[in-house]
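Here is how the chains run, residue by residue.
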Amino acid sequence: MNPQTTPASSPSATAFATPWGTLDLTRFPVDPRERLRAWDAADEYLLRHLAGEAAADGAATELAGRRIAVLGDRWGALTTALAPYEPVQISDSHLGRQATRENLARAGSAVDEARLRTTRDTPPERIDVLLVRVPKSLALLEDQLHRLAPALHPGTVVIGTGMVTEIHTSTLQLFEKVLGPTRTSLAVRKARLIFCTPDPALDPGPNPWPHRYALPPDIGPAAGRTVVNHAGTFCAERLDIGTRFFLAHLPTPAPGDRVVDLGCGNGVVGTAAALAGPGAELVFVDESHQAVASAEETFRTNLGPDAPAEFRTADALDPAVFAPGSVDLVLNNPPFHSHQATTDATAWRMFTGARRALRPGGELWVVGNRHLGYHVKLRKLFGNCQLVAGNPKFVVLRAVKR
């Protein structure tokens, strides 16, 4: 069985045994049918190493009284386990931060919002122990190591962790380039640790993020416009082919329409809609803080500082944020991955949230890989689904709230 999954009915499905006790951990939002755990062997390996249970010399890492930062903790497993040492968590994921809040509360630990920082927040001034859960995006790792490097000192302990499929030569080279000499551990249960010694004399050069590029000329109202991409945003260096196909078939919003670019990424879809329909009110939503920052810069670069728009980091169309019947049009290119796991749970939450938030007669437009069969889900949910456009790889679908 995959080490990240256990049957939800198993007594151990949410029980995470750590050197500091057993924790009850879940992802966010909680789904009783979910088979994916809130931790994996990489989290276990790092915690055991810190406690001296997996260290080659058997020595524990001194944590008491030290300023600890945890970068990229996916569902709060590391932050919750180390809560007695008051670590600062730095995360790009809104869902991951929500999971951390709930897991801390469930463990009886205080939830200090000042210690739950995003990748866009000001980094800590000093870090004595930096723990890095290697992200899927090498670009995000590069950006964050650049941002955190000034807080490190020669005595800072830097330890990364990840599954062997997540740690590549390029990962180690990045640690070496930005921070200092780097080595790896032996693999344990398909997980590895990364050990890096900060070198204050090292000059890694300037942080290369964000990136900017011009859109191609044949994609409608956004043709030739500038896109801004912060590190970790989907397809940060070029326009992906799915979005390109979507841009060629977007509807034109009416003046006054409230239009949501759901899962906005760098905001190019919502920006194109705003350019096509002057007077529409755009709302950009993503669970990634990096993405929302990218969308805001893309939109403002092309429509100016006074164009009406909102930028929200949220879980899809959260009913606490979007009242029923408050939206006229939703544009969506849903992801089908959650970290390294393939799942349609995110797309389903996006579709159900869109139906709830749309007014009667409001429309959801979706682009997706043809093989994902989104038309089946949309027909089940909306009672209708129209094929707007298709090619051998992608389809653009339209569902209307009756």
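Please refer to the structure higher up on the page.
Residues numbered from 1 in each chain as written. Predicted model: local features only at pLDDT ≥ 70, side-chain atom pairs only at ≥ 80, totals over all residues. Heavy atoms only, no water.

Caption draft 1: Here's a closer look at the overall build of the protein chain. The secondary structure content of the protein chain amounts to ten helices and 20 strands. Its C-alpha atoms give the protein chain principal-axis dimensions of roughly 65 × 50 × 40 Å. The buried share among the 402 residues of the protein chain stands at 54%. Look at the contacts in the protein chain between residues 6 or more apart in sequence, and 67% of them connect residues 24 or more apart. Accessible surface, the protein chain: about 17000 Å² in total, of which carbon and sulfur atoms supply 51%. Side-chain charges of the protein chain comprise 42 positive and 41 negative groups, with the mean position of each set lying 6 Å from the other. (Helix = DSSP H or I, 4+ residues; strand = E, 2+ residues; numbered from the N terminus. Buried < 20%, exposed > 50% of the residue type's maximum accessible area, 1.4 Å probe, protein only. Contact = heavy atoms within 4.5 Å. Areas by Shrake-Rupley, 256 points an atom, 1.4 Å probe, with all protein chains shown as cover. Lys, Arg positive; Asp, Glu negative; His and termini not counted. Charge placed at Lys NZ, Arg CZ, Asp CG, Glu CD.)

Caption draft 2: Quick look at the nonpolar core. Within the largest apolar cluster, 33 residues are counted, with the highest numbers of intra-cluster contacts made by Leu215, Phe246, Leu247, Leu282 and Leu331. Breaking this core down by element, the ones donating at least two residues are helix H6 (241–247), helix H7 (268–276), strand E13 (281–286), helix H8 (289–303), strand E15 (327–332), strand E18 (358–369) and strand E20 (394–400). Here this core gets six residues from one element, more than from any other, and that element is H7. Here leucine 247 is in contact with Ile219, Leu239, Val268, Val269 and Ala272, once residues within four sequence places are set aside. One finds Leu47, Trp75, Val129 and Phe195 within the second-largest nonpolar core, a separate group that totals 29 residues. (Core = buried A, V, L, I, M, F, W, Y, C linked by side-chain atoms within 4.5 Å.)

Caption draft 3: Broad picture of the state of the cysteines. Applying the stated criterion across every chain yields a total of zero disulfides. With no disulfide of its own, cysteine 235 lies closest to cysteine 264 among cysteine sulfurs, the gap being 14 Å. (Disulfide = S-S within 2.5 Å.)

Caption draft 4: Region of interest: the pairing of strand E1 (residues 15–18). Residues Phe16 and Thr18 of E1 are buried on one face, while the alternating residues Ala15 and Ala17, pointing to the opposite face, are not. Where E1 lies against strand E2 (residues 21–24), four bridges are found, and the strand directions are antiparallel. By the bridge assignment, alanine 17 is partnered in E2 with threonine 22. Here E1 folds back onto E2 in antiparallel fashion, the turn holding two residues. (Pairing = 2+ DSSP bridges.)

Caption draft 5: Molecular detail of helix H9 (residues 345–357). Counted at 1.5 Å a residue, the expected span for H9 with its 13 residues is 18 Å, and the 18 Å between its end C-alpha atoms agrees. Looking at the packing, one finds that the buried side of H9 touches strand E12 (258–262), E15, E18 and helix H10 (374–382). (Expected span 1.5 Å × (residues − 1).)

Caption draft 6: Broad picture of the environment of leucine 145. Of note, leucine 145 is situated in helix H4 (residues 138–148). The class of leucine 145 is buried, set by a relative accessible area of 0%. Residues leucine 145 and valine 260 lie 115 residues apart in sequence; the distance between their C-alpha atoms is 33 Å. Among residues more than four places away in sequence, those in contact with leucine 145 are Leu174, Phe175, Val178 and Leu179.

Caption draft 7: Representation of the sheet that holds strand E14 (residues 309–313) within the structure. Spatially, E14-E13-E12-E15-E18-E20-E19 is the arrangement adopted by the seven strands of the open sheet, whose pairing is mixed. Only two strands of the sheet have a single neighbouring strand rather than two, namely E14 and strand E19 (386–390). Here the strands of the sheet are splayed against their neighbours by 15° on average, with no regard to which way each runs. Its contacts with the sheet put H8 on E13 and E14, and the angle it makes with E14 is roughly 170°. In the packing of H10 onto the sheet, the strands contacted are E18 and E20, and the crossing angle to E18 comes to about 165°. (Axes fitted to C-alpha atoms, helices over the stretch in contact; angles between N-to-C directions.)

Caption draft 8: View of the sheet that holds strand E4 (residues 88–91). Within the open sheet, the seven strands sit side by side as E5-E4-E3-E6-E7-E9-E8. Their pairing is mixed. The open sheet terminates on both sides in strands that have one partner only, identified here as strand E5 (116–118) and strand E8 (182–184). Put simply, the sheet's adjacent strands are angled 20° from each other on average, direction ignored. As paired elements, E4 and E5 share three bridges and run parallel to each other. Directly across from serine 91, in E5, lies its bridge partner threonine 118.

Caption draft 9: How the structure looks around the packing of H9 against H10. Between H9 and H10, whose axes approach to 11 Å, the crossing angle comes to 35°. In this structure, the crossing between H9 and H10 has a hand that is right-handed. Every residue of H10 that contacts H9 at Ala347, Trp348, Phe351, Thr352 and Arg355 is listed here: Tyr374, Lys377, Leu378, Leu381 and Phe382. Residues of the contact of H9 with H10, tallied by class, amount to seven nonpolar, one polar and two charged. (Left-handed = near helix turned anticlockwise from the far one by under 90°. Nonpolar A, V, L, I, M, F, W, Y, C, P; charged D, E, K, R; others polar.)

Caption draft 10: Molecular detail of the packing of aromatic side chains. Counting across every chain of the model gives six aromatic pairs. Each ring, one from phenylalanine 284 and one from phenylalanine 299, has its centre 5.4 Å from the other, and the planes form 65°; the classification is edge-to-face. In this pair, phenylalanine 284 sits in strand E13 while phenylalanine 299 sits in helix H8, placing the two residues 15 residues apart along the sequence. Judged on exposure class, the residue phenylalanine 284 and its partner phenylalanine 299 are both buried. Chaining the aromatic ring pairs together yields one cluster made of Phe284, Phe299 and Phe311. (Phe/Tyr/Trp six-rings, centres within 6.5 Å; stacked < 30°, edge-to-face > 60°.)

Caption draft 11: Expanded view of the packing of H4 against helix H5 (residues 169–178). Where H4 meets H5, the closest approach of the two axes is 10 Å, and the angle between their N-to-C directions is 15°. In this view, H4 runs roughly parallel relative to H5, as classed from their interaxial angle. Note on packing geometry: the crossing formed by H4 with H5 is right-handed. Where H4 approaches H5, its residues Leu138, Leu141, Glu142, Leu145 and His146 are matched on the opposing element by Ser170, Thr171, Leu174, Phe175, Lys177 and Val178. Tallied by class, the residues present in the contact of H4 with H5 amount to six nonpolar, three polar and two charged. (Parallel < 35°, antiparallel > 145°, perpendicular 65-115°, else oblique.)

The values reported here are purely geometric and, on their own, carry no functional implication.
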